[in-house]
Amino acid sequence: MTSSLLMPRRRARLRTSGAGAAATGSTAPTRILDRRHPRVVALLRRIEAAAGSDEPGWGETGWRETASGETGSGVALGADDRSAFLRRAHRHIADTVRPVYSVRDDLPVSEVLRRGRGSCSQRLAVLEAVARASGVPTRVRGLLVDGRFWYPRFPRLRRVVPDQVVLAWPEFRVAGPASVGGPATPWLSASELFGSLDELSGRRADGFSNAGAETLFDALSRTAIDWDGTTLCPASGAGCDLSGHVLADLGRFDSRDELFARHGQTLCVTARLLAEPVLGRRGAGGGRAGLAAVAEP
């Protein structure tokens, strides 16, 4: 089912799980997560201002540039505050960055914001950039997902759907850095921004089906997205256990830039250059026609 014209030829895909060296994450800017760009800083300030209008204590000090050149909050936020901020950031991005199809996983966040639209992967990158700009370290888990996971969206165009998709799934270190010799600081997966997987699966009977207009990014606030099969999912409706679609766990990486540099993107360079002008304007909804079938929602 692989389209040989669209898949990269330069490297073989992994089919075995692998963690590699432990990724410590970072708040540093990268080419994709260009969090010092004025558009990213402006977005962060808008999110903070919106939070300040709803809750006492937010927005009173504003965001500022520290002596080291890092953009961060004027107050030291605890883990609960950081988690609440990330949830607000997610909702703001969901409301203001229109979901479309795209094949440019490497597009800088500032360009996504300029366009005002982005794929699931690109919107997750926006969330990461805002997190780093606010002082929350991020890293990504690399997952190799079976292309058949996207078949429900494009039943008539399965022959051009890539057989494997490299997915960068963010994780956030909402607690402070671990003390010397202390236990490792836990990371919060994007899947658990709005509660534990068990809590999320219990709220709704229907999970994420990858059909219709809802994207993975939007589904985070509604239901459990479980890539490991550890959640007790409701018997009815679409399942929340997506582990059956995972071909390989590529491990953790300090940034999505590092993941894509090591394992590549889903489509070859030529296909990305030809498809992006068309796909970048298509809304991410079920039943879309054309080459959108090869893009990640």
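Residues numbered from 1 in each chain as written. Predicted model: local features only at pLDDT ≥ 70, side-chain atom pairs only at ≥ 80, totals over all residues. Heavy atoms only, no water.

Undergrad: Give me the overall build of the chain: which residues, what numbers.
TA: The secondary structure content of the chain amounts to 8 helices and 8 strands. Partitioning the intrachain contacts of the chain with sequence separation of at least 6 by distance along the chain shows that 73% fall at a separation of at least 24. Accessible area of the chain: about 12900 Å², with a carbon and sulfur share of 52%. (Helix = DSSP H or I, 4+ residues; strand = E, 2+ residues; numbered from the N terminus. Contact = heavy atoms within 4.5 Å. Areas by Shrake-Rupley, 256 points an atom, 1.4 Å probe, with all protein chains shown as cover.)

Undergrad: Could you give me a rundown of the sheet that holds strand 8 (residues 246-253), with the residues and numbers involved?
TA: Ordered in space as 7-6-5-8, the 4 strands form an open sheet in which the pairing is antiparallel. Strands with a single pairing partner mark the edges of an open sheet, and in this sheet they are strand 7 (188-189) and strand 8. In terms of strand pairing, strand 6 (residues 164-172) meets strand 7 through 2 bridges, oriented antiparallel. The partner of Phe 172 across the bridge, within strand 7, is Leu 188. Along the sheet, helix 7 (residues 256-263) makes contact with strand 5 (138-146), strand 6 and strand 8, crossing strand 6 at roughly 155 degrees. (Pairing = 2+ DSSP bridges. Axes fitted to C-alpha atoms, helices over the stretch in contact; angles between N-to-C directions.)

Undergrad: How would you summarise the side chain of Ser 83 if you had to cite specific residues and measurements?
TA: Residue position: Ser 83 is located in helix 2 (residues 79-96). What makes Ser 83 buried here is its relative accessible area of 12%. Each residue touching Ser 83, except ones within four places of it in the same chain, is listed here: Val 174 and Leu 188. (Buried < 20%, exposed > 50% of the residue type's maximum accessible area, 1.4 Å probe, protein only.)

Undergrad: I'd like a rundown of the packing of aromatic side chains, residues and numbers included.
TA: Applying the stated criterion across every chain, the model contains 4 aromatic pairs. Pairing Phe 149 with Phe 208 gives two aromatic rings, centres 6.2 Å apart and planes at 55 degrees, and the pair type is tilted. Of this pair, Phe 149 sits in the loop between strand 5 and strand 6 while Phe 208 sits in the loop between helix 5 (197-203) and helix 6 (216-219), and the two are 59 residues apart along the sequence. Assessed through its relative accessible area of 4%, Phe 149 is described here as buried. Centre to centre, the rings of Trp 169 and Trp 227 are 5.6 Å apart; their planes meet at 80 degrees, and the pair counts as edge-to-face. (Phe/Tyr/Trp six-rings, centres within 6.5 Å; stacked < 30°, edge-to-face > 60°.)

Undergrad: Tell me about the environment of Thr 223, and name the residues and values.
TA: Here Thr 223 lies in the loop between helix 6 and strand 8. Looking at Thr 223, the relative accessible area reads 1%, which means it is buried. The contact partners of Thr 223, leaving out residues within four places of it in the chain, are Leu 200, Asp 206, Gly 207 and Phe 208.

Undergrad: Please set out the confidence of the model for the chain residue by residue, giving values where relevant.
TA: Looking at the chain, the pLDDT average stands at 76 and 67% of residues meet or exceed 70. For the chain, strand 1 (residues 63-65) is the element with the lowest average pLDDT, namely 39, and helix 3 (residues 109-115) is the one with the highest, namely 97. Considering only residues more than four positions removed or in separate chains, one finds that residues 55-75, a stretch of pLDDT under 50, has 40 contacts. Throughout residues 286-297 the model reports pLDDT below 50, and contacts reaching past four residues in sequence, or to other chains, amount to 54 contacts. (pLDDT = per-residue confidence, 0-100.)

Undergrad: Hey, could you go over the packing of helix 2 against helix 4 (residues 120-133) for me, with residue numbers and the actual values?
TA: Close contact between helix 2 and helix 4 brings their axes to 10 Å; oriented N to C, the two are set at 140 degrees. The orientation of helix 2 with respect to helix 4, classified from their angle, is oblique. Classified by chirality, the crossing of helix 4 by helix 2 is right-handed. Contacts between helix 2 and helix 4 involve Phe 85, Leu 86, Ala 89, His 90, Ile 93 and Ala 94 on the former and, on the latter, Arg 123, Val 126, Leu 127, Val 130 and Ala 131. Residues that form the contact of helix 2 with helix 4 fall into these classes: 9 nonpolar, 1 polar and 1 charged. (Parallel < 35°, antiparallel > 145°, perpendicular 65-115°, else oblique. Left-handed = near helix turned anticlockwise from the far one by under 90°. Nonpolar A, V, L, I, M, F, W, Y, C, P; charged D, E, K, R; others polar.)

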